Amino acid sequence: MEKEKLLVSSCLVGINCKYNGKNNYTKEIEKLKDYYDFILICPESSSGMKAPRHPSERRGDKVVSELNEDVTSFFIKGAELSLKIAKQHNVKYALLKESSPSCGVHLIYDGTFSHTKISGIGTTAEALKKEGIKLFSEEEISKLIELGEAKQSSNLHKKNS
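Each chain has its residues counted from 1, running along the sequence as written. Owing to the predicted nature of the model, reporting of local features is limited to residues with pLDDT of at least 70; listing and counting of side-chain atom pairs is limited to 80 or more, with chain, interface and lining totals taken over all residues. Note that water and hydrogens are dropped before the side-chain values are worked out from all heavy atoms of the structure.

Structurally, the α-helix is built with 3.6 residues per turn, so residues lying three or four positions apart point the same way. Comment: elements are numbered from the N terminus, with helices defined as DSSP H or I runs of at least four residues and strands as E runs of at least two. Helix span, as expected, comes to 1.5 Å for every residue beyond the first. With 17 residues, helix H2 (residues 72-88) extends 24 Å from end C-alpha to end C-alpha; this agrees with the ideal 24 Å at 1.5 Å per step. Only protein chains enter the area calculation, which uses a 1.4 Å probe; residues under 20% of their type maximum are buried, those over 50% are exposed, and those in between are partly exposed. Within the sequence span of H2, burial applies to Thr72, Phe75, Gly78, Ala79, Ser82, Leu83 and Ala86. One side of H2 carries all its buried residues, which in axial view fall inside an arc of 135 degrees. Exposed side of H2, more than 90 degrees from the buried face: Ser73, Glu80, Lys84, Lys87 and Gln88 are the residues found there. In this structure, the buried side of H2 is in contact with strand E1 (4-9), strand E2 (36-41), helix H1 (43-46), strand E3 (56-59), strand E4 (62-65) and helix H3 (123-130). Residue asparagine 90 follows H2 closely and has a positive phi angle near 55 degrees. Taking the helix axis as origin, the arc is that swept by the directions to the C-beta atoms. Whether two residues are in contact is decided by their heavy atoms: any pair within 4.5 Å suffices.

Structure (structure tokens):
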């Protein structure tokens, strides 16, 4: 049985691409491998940003670094490249890093570099959502597992009918 494709933020599987050169490895992600084939993305890395780099936060439609540099173009390029990959692989679901200026699904930092989170969405998450891709944060892995189990059960039922 062919597995569903899942777009995944690379940092969640342990790739050191965060702004500080580290990752956000999430152990629960291993459970998803039974149901999904991962398509890894890091919008910032793919846009040419290096790790480590100065942290960035969204301010409205702009993204700025803590040095107050406008880095919006990198984030737009990363969103466009991620969307292109999603379309190439016919992705319906994405598991993204919450609070990231690229990948935040429900929360992002407020743009003041004061560690304050607000309701909002990252640039890549926004582009994917506009395309109809269902977004999940790492805090919602259990929902993706439930979807995978339901699909697997449905496919077994069809196969045995």
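Strands are treated as partners if at least two bridges between them are detected by DSSP. Read across the sheet, four strands follow the order E2-E1-E5-E8 without closing on themselves; strand pairing throughout is parallel. The outermost strands of the open sheet, each flanked by one partner alone, are E2 and strand E8 (134-137). In this sheet, adjacent strand axes meet at a mean angle of 30 degrees when their direction is disregarded. Here, axes are lines fitted to C-alpha atoms. For helices the fit covers the stretch in contact, and angles between N-to-C directions go from 0 to 180 degrees.

When you tally the buried positions in E1, you get five out of six residues, the bulk of the element. Direction of pairing for E1 relative to E2: parallel, over a ladder of six bridges. Looking at E2, one finds that leucine 6 is bridged to phenylalanine 38. Note: E1 against strand E5 (residues 93-96), three bridges, orientation parallel. Looking at E5, one finds that leucine 6 is bridged to tyrosine 93.

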